[in-house]
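The lines below spell out each chain.
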Amino acid sequence: MVQDYIVRKAKPEEYKEIGRLMITVYSTLKGFPNENEQPDYYKMLANIGDFAKKEDTDLLVAVTVDKTIAGAVVYFGDMQHYGSGGTATKEKNASGFRLLAVDVSKRGEGVGSLLVKECITKAKDKKALQLIIHTTDAMKIAWKMYENMGFKRAFNLDFMQGALKVYGFKLRF
């Protein structure tokens, strides 16, 4: 059954739950490094609320009417706060998002696209010229969603995270 979702900024009391959701989602991606291989990455996921303390950065959640967290993403109004490898943090007139995660039980209900649409709206409201994201081979389902929403490959933003190839995408406005 498809539910209605509300996308909003996460509340501090939700940060731990969102961190657990992030760890669950990323640790179950086939081909994605596990916690032993990238402990700092998983520490970042567990402490996802730290992103909300950065300037021009929002931790967004999609919640059901009964306040169940179905998914989350971190939106960056300015790429200097993005915090990835590669050259993305040097992009000007750009916003970005990272760490999109949707509860496994809520997949296929449009949660991911709702979160992305909110990031697109925020970037346009900020008058950014582009929205930047990264994905991996383990995230092919999301990759397809991004392409369907108009994102194009940005090879100049690709980088390696340890042994993991990370692919850049841009949506130009």
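Report on the accompanying structure. (Residues numbered from 1 in each chain as written. Predicted model: local features only at pLDDT ≥ 70, side-chain atom pairs only at ≥ 80, totals over all residues. Heavy atoms only, no water.)

Inspection of the secondary structure assignment puts Asp-158 in the loop between strand 6 (152-153) and strand 7 (159-161). For Asp-158, the side chain forms a polar contact with the main-chain nitrogen of Gly-168, separated by 2.8 Å. With near-sequence residues (within four places) excluded, Asp-158 lies in contact with Arg-153, Lys-165, Val-166, Tyr-167 and Gly-168. (Helix = DSSP H or I, 4+ residues; strand = E, 2+ residues; numbered from the N terminus. Polar contact = N/O pair within 3.5 Å; in protein donor to acceptor, adjacent residues only side chain to side chain. Contact = heavy atoms within 4.5 Å.)

Turning our attention to helix 2 (residues 39-46). Along helix 2, the residues that are buried comprise Tyr-41, Tyr-42, Met-44 and Leu-45. When helix 2 is viewed along its axis, its buried side chains cluster within an angular range of 155° and face the same direction. Residues Asp-40 and Lys-43 are exposed on helix 2 and point more than 90 degrees away from its buried face. Buried positions along helix 2 lie against helix 1 (15-27), strand 4 (94-102) and strand 7. (Buried < 20%, exposed > 50% of the residue type's maximum accessible area, 1.4 Å probe, protein only. Arc of directions from axis to C-beta.)

In the structure shown here, the tally under the stated rule is 11 aromatic pairs. Ring geometry for Phe-97 and Phe-151: centres 6.1 Å apart, planes at 90°, overall edge-to-face. Of this pair, Phe-97 sits in strand 4 while Phe-151 is found in the loop between helix 4 (140-148) and strand 6, placing the two residues 54 residues apart along the sequence. Each member of the pair, Phe-97 as well as Phe-151, is classed as buried. In textbook terms, an aromatic cluster arises when at least three aromatic residues are bridged by ring pairs, as seen for Tyr-26, Phe-32, Tyr-41 and Tyr-42. Between Arg-98 and the ring centre of Tyr-82, over which it is positioned, the NZ or CZ distance is 5.6 Å. (Phe/Tyr/Trp six-rings, centres within 6.5 Å; stacked < 30°, edge-to-face > 60°. Lys NZ or Arg CZ within 6 Å of the ring centre and 35° of its normal.)

Geometric descriptors of this kind do not, in isolation, establish any biological role.
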